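Descriptive analysis of the structure
Residues per chain, in single letters:
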Amino acid sequence: MSLNIYLAGQIHDDWRQQLKKKAADKNLDIQFTGPQEEHDLSDDIGEKILGEQPNQKYRDDVGASVNNFRTDILMNKADAVIALFGESYKQWNTAMDAGIAIGLNKPLILVRPEKLIHPLKELSNKATITVENLDQALQVLEYYYK
């Protein structure tokens, strides 16, 4: 009963490692995937493959294409998605990944603090379940194994 969970959300802190450790401590059979966490590689990958681009618009576009290729594969393989919305960073990629999960009919655990109830109300309404923290998200995953 192994699970493959895609972890959508910002890449600027260690929330993924925290969740993975807590899942391992509970002996949950879960493989976690997610976006490229090395920020510079994520930004530079298009030019690393296709060469220098004429300006920032094209640089971002080719980088996004490679990142979207990777995300599409991993998201399609995922059994479910956890999308973490925090208070410290812009969350455009998280919102996009959550929308993709909904479009793919992937079970979606949306994690958002109480402060973001209003701005995320429509997305929360489409999620399978909305929780306020990672411990609650892990409890949802843990319930799968009971």
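Now for a quick tour of the structure.

Examining a negative patch on the surface
Judged by side-chain charge, Glu38, Asp40, Asp43, Asp60 and Asp61 come together as a negatively charged surface patch. Secondary structure elements with two or more residues in the negative patch: helix 2 (39–50) and helix 3 (56–77). Checked against the element boundaries, Asp61 lands in helix 3.

Description of the pairing of strand 4 (residues 108–111)
Side chains of strand 4 alternate between two faces, with Leu108 and Leu110 and Ile109 and Val111 buried alike. Across 4 bridges, the pairing between strand 3 (residues 80–84) and strand 4 is parallel. Of the residues in strand 4, the one forming a bridge with Ala83 is Leu110. Taken together, strand 3, helix 4 (residues 92–103) and strand 4 constitute a β-α-β crossover, and its handedness is right-handed. For the handedness criterion, the β-α-β arrangement of strand 4, helix 5 (residues 121–126) and strand 5 (residues 129–131) is classed as right-handed.

Overview of the side chain of Arg59
For Arg59, the position within the fold is in helix 3. In terms of polar contacts, Arg59 uses its side chain to reach the backbone carbonyl oxygen of Asp43, at 3.4 Å. The contacts of Arg59, once residues within four sequence positions are left out, are Asp43, Asp44, Glu47 and Gln53.

Each value, and the rule that gives it
Along every chain, residues carry numbers that run from 1 in the direction the sequence is written. Reporting in this predicted model follows two pLDDT cut-offs: at least 70 for local features of residues, and 80 or more for side-chain atom pairs to be given and counted; totals over whole chains, interfaces and linings ignore these cut-offs and use all residues. The side-chain values count all of the structure's non-hydrogen atoms but skip hydrogen atoms and water molecules. Each patch is assembled from residues with relative accessible area greater than 30% and no salt bridge, linking like charges that lie within 9 Å and nonpolar side chains (Val, Leu, Ile, Met, Phe, Trp, Tyr) that lie within 5 Å. Each accessible area is a Shrake-Rupley result for a 1.4 Å probe, and residues are judged covered by the shown protein chains and nothing else. Salt bridges are defined by distance alone: a side-chain nitrogen of Lys or Arg within 4 Å of a carboxyl oxygen of Asp or Glu. Positive charges come from Lys and Arg alone, negative charges from Asp and Glu alone, with His and the N- and C-terminal ends not counted. The location of each charge is read from NZ of Lys, CZ of Arg, CG of Asp or CD of Glu. Helical segments are the DSSP runs of H or I of at least four residues, strand segments are the runs of E of at least two, and each set is numbered from the N terminus. Only protein chains enter the calculation, and the probe is 1.4 Å; a residue is then buried if its accessible area is under 20% of its type maximum, exposed if over 50%, and partly exposed in between. We treat two strands as partners when DSSP finds at least two bridges between them. Place the viewer so that the strands point away; then a crossover is right-handed whenever the path from the first strand over the helix to the second strand goes clockwise. Pairing of N or O atoms within 3.5 Å defines a polar contact, subject to two protein rules: one partner must be a possible hydrogen donor and the other a possible acceptor, and residues neighboring in sequence count only if both atoms are side-chain atoms. When checking whether two residues touch, look at their non-hydrogen atoms; a contact exists if any pair is within 4.5 Å.

Note that all results are geometric; they support no functional claim without further evidence.
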